[in-house]
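# Notes for the structure review
What follows is the residue order along each chain.
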Amino acid sequence: ELKNDTEVALAAVQKFGRALEYVSRRLKNDKQVVMAAVQQDGGALKFALGLKKDKEVVIAAVQKLGAALKYAWPNLQNNVAVVLAAVQQDGRALQHAS
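Parameters and conventions
- Residue indices begin from 1 for each chain and proceed along its sequence in written order.
- Local features in this predicted model are restricted to residues of pLDDT 70 or higher, and side-chain atom pairs are both shown and tallied only at a pLDDT of 80 or more, whereas totals for entire chains, interfaces and linings draw on every residue.
- Excluding hydrogens and water, the side-chain values take into account all heavy atoms of the structure.
- Ring geometry is summarised as follows: Phe, Tyr and Trp rings, the Trp one being its six-membered ring, pair when their centres sit within 6.5 Å, and such pairs are stacked at plane angles under 30 degrees, edge-to-face over 60 and tilted between the two.
- Both a distance and an angle decide whether a charge sits over a ring: NZ of Lys or CZ of Arg must be within 6 Å of the ring centre and within 35 degrees of the ring normal.
- Burial classification: accessible surface area is computed with a 1.4 Å probe over protein chains only, and a residue below 20% of its type maximum counts as buried, one above 50% as exposed, and the rest as partly exposed.
- Secondary structure counts use DSSP, requiring at least four H or I residues in a row for a helix and at least two E residues in a row for a strand, with both numbered from the N terminus.
- The directions considered for the arc run from the helix axis to the C-beta atoms.
- Contacts between residues were defined by any pair of non-hydrogen atoms, one from each residue, lying within 4.5 Å.
- Whenever two N or O atoms come within 3.5 Å, that pair is a polar contact, provided that in protein one can donate a hydrogen and the other can accept it, and provided that, for residues adjacent in sequence, both atoms are side-chain atoms.
- Any carboxyl oxygen of Asp or Glu that lies within 4 Å of a side-chain nitrogen of Lys or Arg is treated as forming a salt bridge with it.

Here we come to the packing of aromatic side chains. Here the structure, examined in full by the defined rule, presents zero aromatic pairs. Here the basic side chain of Lys53 rests over the ring of Trp73, its NZ or CZ set 4.2 Å away from the ring centre.

What follows is the structure, encoded as structure tokens:
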């Protein structure tokens, strides 16, 4: 199945980050694929699975789209570095901090 192919997934998310929604569950947990997606569109964090807990991934997402903070794991919504990165991108992201 091509939705489970790393090369195909990377090509898709590098052009349209939110294509992460359509990749396999395994790839929604693949750091390389998820990082590529959130670097293209921070909102792709919504479709990441376990990596919503990964500080590096979440910071990359909120640097692209501050509002992506709402998709982060709750502990990261309370992390100074993460929230600072989000509000520097968009001050309105503060509403998603805990």
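Continuing now.
Let us look at helix 5 (residues 80-89). Among all positions of helix 5, only Val82, Val83, Ala85 and Ala86 are buried. Each buried residue of helix 5 sits inside an arc of 160° when the element is viewed along its axis, so together they form one side. Away from the buried face of helix 5 by more than 90 degrees, exposed residues Val80 and Gln88 are located. Elements in contact with the buried residues of helix 5: helix 4 (55-64). Capping of helix 5 at its N-terminal end is provided by Asn79; its side-chain oxygen lies 3.0 Å from the backbone amide nitrogen of Ala81.

Attention now moves to the side chain of Asp54. Here Asp54 is to be found in the loop between helix 3 (31-40) and helix 4. Residue Asp54 is classed as buried on the basis of its relative accessible area, which comes to 18%. Side-chain polar atoms of Asp54 contact the backbone nitrogen of Val57, separated by 3.0 Å. Ignoring anything within four residues of it in the chain, the contact list for Asp54 reads Lys31 and Leu76.

Counted by the stated rule, this structure contains four salt bridges. Across the pair Arg18 and Asp41 runs a salt bridge, and its minimum N-O distance is 2.9 Å. Taken as a pair, Arg18 in the loop between helix 1 (6-15) and helix 2 (25-28) and Asp41 in the loop between helix 3 and helix 4 lie far apart in primary sequence, 23 residues in all. Note that Lys31 and Glu56 form a salt bridge whose closest N and O atoms lie 2.7 Å from each other. On the criterion of sequence distance, the pair formed by Lys31 in helix 3 and Glu56 in helix 4 is long-range, its members being 25 residues apart. We classify Glu56 as partly exposed; its relative accessible area is 48%. Each member of the salt-bridge network shares a partner with another, and the members are Lys31, Asp54 and Glu56.

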